[in-house]
Amino acid sequence: MDTLNATVALLKEITESNVLGEVNASLDSLGDNDAVAAAVAASEGIARLEAVRFRALGQLGRHRDDAASVAQEVAFALSVVDGHAAGLVSTAQALTTRLPRTLGLLDQGKVGGFGAMKVATATAWLSDDDARAVDAVLEDRLPGRNSDQIRKAANHAAMMADRDGAARRAERNRGGRRVSVRQGETGVASIEVEDGPVEKVAAAYTRIDREARALRAGGETRTLDQLRADVALDLLVGGQGGKSERSEVFLYMDLNTYLGLNDDPAEMAGHGHIPASLARHIASGPNTVLRRIITDPLSGQVLDLGRNRYRPTAGLDEFVRVRDRECRRPGCHRVAQACDLDHALPWQHGGHTADTELVDLCRRDHRLKDEPGWSYRLASDGTLTITTPTGQSYDSAPPPLHEPRADEEPPPF
């Protein structure tokens with residue numbers, strides 16, 4: 001009891017001390033750079049406190065033999081909904097047993113609690129030994145990443161650790177698809193297709209986005225978000241259910257994976273890595289169009305596209321979209337098909353445009369480029385460097401289609 005009281009008293013002293021009041025009082029005098037630095041320091045401190053909370057919840061779970069009722073008690077104590085409480089408890093159990101290095105990153109303020117929950121979810125189906133191996137692999141890959149980047153990195157590492165298990169998990173997840181309705185504030189509600197097949201969800205969104213943009217170009221005053229929502233509901237209410245329509249979904253897989261000679265994960269733009277068996281299933285669909293992509297074996301970067309497809313190629317524009325896959329702002333995962341092609345440097349009228357001058361940027365980030373104080377610089381190797389008004393720089397490079405190969409072997413198609 002004395003130890004407990006001392007621990008709780010110390011935490012309260014840290015969080016309720018006059019130091020925080022003094023910090024808050026000084027914030028009004030900060031310039032832009034100092035304000036960003038203060039926000040970063042606060043986030044690092046929050047992550048360290050979240051590590052304390054996870055350890056405490058892990059200890060509670062061990063005392064109760066991880067009983068299901070622990071989540072309900074946490075929900076009451078922390079005033080959170082049951083689902084979030086269950087996520088906190090399961091993450092605490094994983095961090096304090098199977099993911100010690102991720103917990104260490106929390107202690108250092110390099111990863112936040114939400115990111116740690118993504119790692120725990122991605123590795124929940126692995127054996128303890130495989131989870132610890134993934135934890136070690138991720139230690140250097142997580143700092144500085146946002147939660148979606150962490151999700152993708154953790155899922156990929158987990159697939160590589162147990163490829164057969166990843167295929168079974170993907171099949172099980174797809175079997176759980178459902179539609180849910182959530183009532184909102186007065187006059188509004190939400191409908192969601194949960195855990196739908198990723199290739200169908202991506203194609204559906206592409207169609208909705210395309211029709212919404214066409215309406216917007218025709219003079220509609222509704223915003224694109226409003227138009228997408230209206231188009232989706234109109235298709236559900238009055239459309240032809242099950243009607244097939246071609247929509248581009250970018251799926252990247254090695255020829256050997258396609259032929260079943262290996263089980264390397266493939267990647268779907270905007271989603272992340274998927275098991276080889278699922279990629280082969282998608283690639284064998286009746287409306288699937290395959291494109292040959294020639295890569296540099298030493299870097300994994302795109303060198304050329306095959307021109308044999310069901311419609312004429314758009315040439316350079318298409319090359320850039322295939323190369324980039326997603327919006328090139330670090331941390332943005334909007335698929336390239338829904339992005340603008342932009343000159344990283346001011347375009348000179350009448351000049352020649354090469355693929356080394358173009359990048360994909362979603363509409364939001366395209367507009368951000370023109371805001372005061374933002375600087376975009378594209379290097380010859382395709383690395384895009386974005387500098388913010390406070391002088392912080394962030395790099396983005398087109399992801400390789402495969403791991404660099406030092407030995408000579410046939411290029412993937």
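Residues numbered from 1 in each chain as written. Predicted model: local features only at pLDDT ≥ 70, side-chain atom pairs only at ≥ 80, totals over all residues. Heavy atoms only, no water.

> I keep staring at the nonpolar core and nothing clicks. Help me out?
Here is a general trend for soluble globular proteins: nonpolar side chains tend to be buried in one another's company. In terms of nonpolar packing, the biggest core is built from 34 residues, with Phe54, Leu95, Leu106, Val119, Leu138 and Leu142 touching the most fellow members. Taken together, the elements giving at least two residues each to this core come down to helix H3 (32-63), helix H4 (69-78), helix H5 (82-95), helix H6 (100-107), helix H7 (113-123), helix H8 (128-138) and helix H9 (147-161). If you tally residues by element for this core, the top one is H5, at six residues. Sequence-distant contacts of Leu142, that is, excluding residues within four places in its chain, are made with Thr102, Leu105, Val111, Val119 and Ile150. (Core = buried A, V, L, I, M, F, W, Y, C linked by side-chain atoms within 4.5 Å. Buried < 20%, exposed > 50% of the residue type's maximum accessible area, 1.4 Å probe, protein only. Helix = DSSP H or I, 4+ residues; strand = E, 2+ residues; numbered from the N terminus. Contact = heavy atoms within 4.5 Å.)

> Looking at this structure, I do not really get the sheet that holds strand S3 (residues 251-252). What am I missing?
Consider a sheet: its strands pair through backbone hydrogen bonds, and that pairing is either parallel or antiparallel. If you trace the three strands from one edge of the open sheet to the other, you get S3-S4-S5, paired in antiparallel fashion. The two strands at the open ends of the sheet, each matched to only one other strand, are S3 and strand S5 (272-274). Looking at chain direction, strand S4 (residues 266-268) and S5 are connected through three bridges and run antiparallel. Bridge pairing in S5 links Met268 to Gly272. (Pairing = 2+ DSSP bridges.)

> Explain the pattern of salt bridges here, please?
Side chains that carry opposite charge are capable of pairing whenever their charged atoms lie near each other. Applying the stated criterion across every chain, the model contains 27 salt bridges. Note that Arg207 is salt-bridged to Glu211, the shortest N-O span being 3.1 Å. Note that Arg207 and Glu211 are positioned in helix H11 (residues 198-217) at a spacing of four residues, about one turn of the helix. The class of Glu211 is partly exposed, set by a relative accessible area of 30%. As a salt-bridge pair, Asp225 and Arg228 come within 3.0 Å of each other at their nearest N and O atoms. Of this pair, Asp225 and Arg228 both sit in helix H12 (residues 224-238), three residues apart, which is roughly one turn of that helix. Each of Asp209, Arg213, Asp225, Arg228 and Arg334 takes part in one network of salt bridges that share partners. (Salt bridge = Lys/Arg side-chain N within 4 Å of Asp/Glu carboxyl O.)

> Is there a simple way to think about the sheet that holds strand S10 (residues 375-378) in this case?
Strand order in the open sheet made by the three strands is S10-S11-S12, with antiparallel pairing throughout. Only two strands of the sheet have a single neighbouring strand rather than two, namely S10 and strand S12 (393-396). Taking each pair of neighbouring strands and ignoring which way they run, the sheet shows an average axis angle of 20°. By the bridge criterion, four bridges tie S10 to strand S11 (residues 384-387) in an arrangement that is antiparallel. Residue pairing for S11: Arg377 is matched across the bridge by Thr385. (Axes fitted to C-alpha atoms, helices over the stretch in contact; angles between N-to-C directions.)

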